[in-house]
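Summary of the model geometry
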Amino acid sequence: MDQNINMETISCADCETHQKFEKEIIYGLKDDPKHLFSKYFYDQKGDVLFQQIMNMPEYYLTGCEMEIFKRKSHELAEAFKAFDASFDLVELGAGDATKSSHLLKYLVSQNADFTYMPIDISGNIISVLQERLSKEIPDLDLVGLNGEYFEMLDKANDLSSRRKVILFLGGNIGNMEVKEAHNFCDELRKKLNPGDMLLIGFDLKKDPDTILSAYNDEAGITAAFNLNLLERINHELDANFDISKFKHYQTYDPLSGACRSYIISLEKQRVKIGNELIDFKENEAVYMEISQKYAPEEADAMALKNGFKPLKHIADSKEWFIDAIWKVV
């Protein structure tokens, strides 16, 4: 009987997730201007494409932050006081944890008393991550959490009352408009307690050509990643997007630091999504994602405005990227 109850719970959760996906896709494509939500890029194919993006020579972000975690795990651990007392290391949007695994291995080797709680919206990623890390770091205490950041952070708090150290890596704060990023940090602060800490990655403003190339690679992997969302909508929502009738388009504004991606309808067309019909004009843009770049002082200002105390910046050797350490006050 218990097993049946669990299966019913899982089925209901899957149904709710599907309904939310459908509702938000329809809402975004009926809005003016049209937009889609980048959180839905990550189905099974999207996960693979994003791994390919992170391995592209143009996509410097991964290499910069990887250097920090490979070379400076000790400095990171000392900055968030990993050895003072037991804690939960909660990673928002864990992905494959390639970068954080260097820190995890260091902490385990130093007998730090902690539980790793990776959070990801992709159930596939969480399953793969749990299987891989159980083999690579057998002594790691791991609890995977599949879902939205704040819902799963509530769950992490329910599971344990220990001090929380939050990882928010990859410059993911840049996937929000600046105002939205401030709101996110404010909401995150409300989920935490004084003494909790945040390790947050910021991609810094730099040569505009370097930034634009990272999101508009010659091999077209980023374009495929963006357009894959249309394929996902086809498969999961009974839609009939013709992917060949759309293209990827990227921009970067060096003054504001906003790097934005769009898909462009190449002709006037009508697309069916379930029982809904969506009309596209020729050359109509669908806003997909922002990748906001920051100056270090802008990162500090964000901390101070939202209830955190900025403690330290840990940068790569090129000083293109920083992992900032903030403390909840």
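A brief report on the enclosed structure follows. None of the values given here were measured: they were computed from a predicted structure.

Our focus in this paragraph is the overall build of the chain. Within the chain one finds 11 helices and 12 strands. Its C-alpha radius of gyration of 20 Å places the chain within 12% of the 20 Å reference for a compact globule of 329 residues. Burial analysis of the chain (329 residues in total) assigns 50% to the buried set. Partitioning the contacts of the chain with sequence separation of at least 6, the portion at a separation of at least 24 is 72%. Of the roughly 15800 Å² that the chain leaves accessible, carbon and sulfur atoms contribute 49%.

Spatially, seven strands are ordered S3-S2-S1-S4-S5-S12-S11 in an open sheet, and the strand pairing comes out mixed. One side of each edge strand has no neighbouring strand; the edge strands of this open sheet are strand S3 (145-146) and strand S11 (308-315). Examined bridge by bridge, strand S1 (residues 87-92) and strand S2 (residues 114-120) share six bridges and lie parallel to one another. Across the sheet, residue Leu-92 finds its bridge partner in S2, namely Ile-119. Contacts between helix H3 (residues 60-71) and the sheet are confined to strand S5 (197-203), S11 and strand S12 (321-328), with S12 contributing the most and set at about 60 degrees to the helix.

Buried residues dominate S5, accounting for seven of its seven residues. Judged by which residues are buried, S5 turns out to be covered on both faces: Met-197, Leu-199, Gly-201 and Asp-203 on one side and Leu-198, Ile-200 and Phe-202 on the other are all buried. Taken together, the four bridges between strand S4 (residues 163-168) and S5 define a ladder with parallel strand orientation. The partner of Leu-167 across the bridge, within S5, is Leu-199. Regarding the hand of the β-α-β motif, the stretch spanning S4, helix H8 (residues 178-191) and S5 is right-handed. Relative to S12, S5 runs antiparallel, the two being bridged by seven bridges. What sits directly across from Gly-201, in S12, is Asp-323.

Below, the discussion takes up the packing of aromatic side chains. Evaluation of the coordinates by the stated rule reveals 22 aromatic pairs. Judged by centre distance (5.0 Å) and plane angle (25 degrees), the ring pair of Phe-168 and Phe-184 falls under stacked. You can see Phe-168 sitting in strand S4 and its partner Phe-184 sitting in helix H8, a full 16 residues away along the chain. Per residue, the accessibility class of Phe-168 equals that of Phe-184, and both read buried. Centre to centre, the rings of Phe-246 and Phe-280 are 5.3 Å apart; their planes meet at 85 degrees, and the pair counts as edge-to-face. With a gap of 34 residues between them, Phe-246 in strand S6 (residues 246-253) and Phe-280 in strand S9 (residues 276-280) connect regions that are remote in the sequence. Through pairs of rings, three or more aromatic residues link up here, namely Phe-41, Tyr-42, Phe-50 and Phe-225. Seen from the ring of Phe-280, Lys-34 lies directly overhead, with NZ or CZ sitting 5.1 Å from the centre. The positively charged end of Lys-318 is found above the aromatic ring belonging to Trp-320, 4.4 Å away from the centroid.

Our focus in this paragraph is the state of the cysteines. Evaluation of the coordinates by the stated rule reveals zero disulfides. Among the cysteines around Cys-64, which has no disulfide bond, Cys-259 carries the closest sulfur, lying 15 Å off. Note on Cys-64: relative accessible area 5%, which makes it buried. With no disulfide partner, Cys-185 has as its closest neighbouring cysteine sulfur the one in Cys-259, 20 Å distant. Residue classification places Cys-185 among the buried residues on the basis of a relative accessible area of 0%.

On to the sheet that holds strand S10 (residues 285-292), then. Strands sit in the order S6-S7-S10 across an open sheet of three strands; the sheet is antiparallel. Every interior strand has two partners, whereas the edge strands, S6 and S10, have only one. When the angles between neighbouring strand axes are averaged without regard to direction, this sheet yields 20 degrees. Where S6 and strand S7 (residues 258-265) come together, eight bridges link them in antiparallel fashion. Counterpart to Gln-250 in the pairing with S7 is Ser-261. Against the sheet, helix H10 (residues 221-237) contacts S6, S7 and S10, and its axis sits at roughly 125 degrees relative to S6.

Let us look at helix H2 (residues 44-54). Regarding H2, the residues found buried are Gly-46, Asp-47, Leu-49, Phe-50, Ile-53 and Met-54. Down the axis of H2, the buried side of the element spans an arc of 165 degrees, and every buried residue falls inside it. In the core, the buried residues of H2 are packed alongside H3, helix H6 (123-136) and H10.

The rules behind these values
Residues numbered from 1 in each chain as written. Predicted model: local features only at pLDDT ≥ 70, side-chain atom pairs only at ≥ 80, totals over all residues. Heavy atoms only, no water. Helix = DSSP H or I, 4+ residues; strand = E, 2+ residues; numbered from the N terminus. Rg over C-alpha atoms; globule rule 2.2 N^0.38 Å. Buried < 20%, exposed > 50% of the residue type's maximum accessible area, 1.4 Å probe, protein only. Contact = heavy atoms within 4.5 Å. Areas by Shrake-Rupley, 256 points an atom, 1.4 Å probe, with all protein chains shown as cover. Pairing = 2+ DSSP bridges. Axes fitted to C-alpha atoms, helices over the stretch in contact; angles between N-to-C directions. Right-handed = clockwise from strand over helix to strand, strands pointing away. Phe/Tyr/Trp six-rings, centres within 6.5 Å; stacked < 30°, edge-to-face > 60°. Lys NZ or Arg CZ within 6 Å of the ring centre and 35° of its normal. Disulfide = S-S within 2.5 Å. Arc of directions from axis to C-beta.

None of this, on its own, says anything about what the molecule does.
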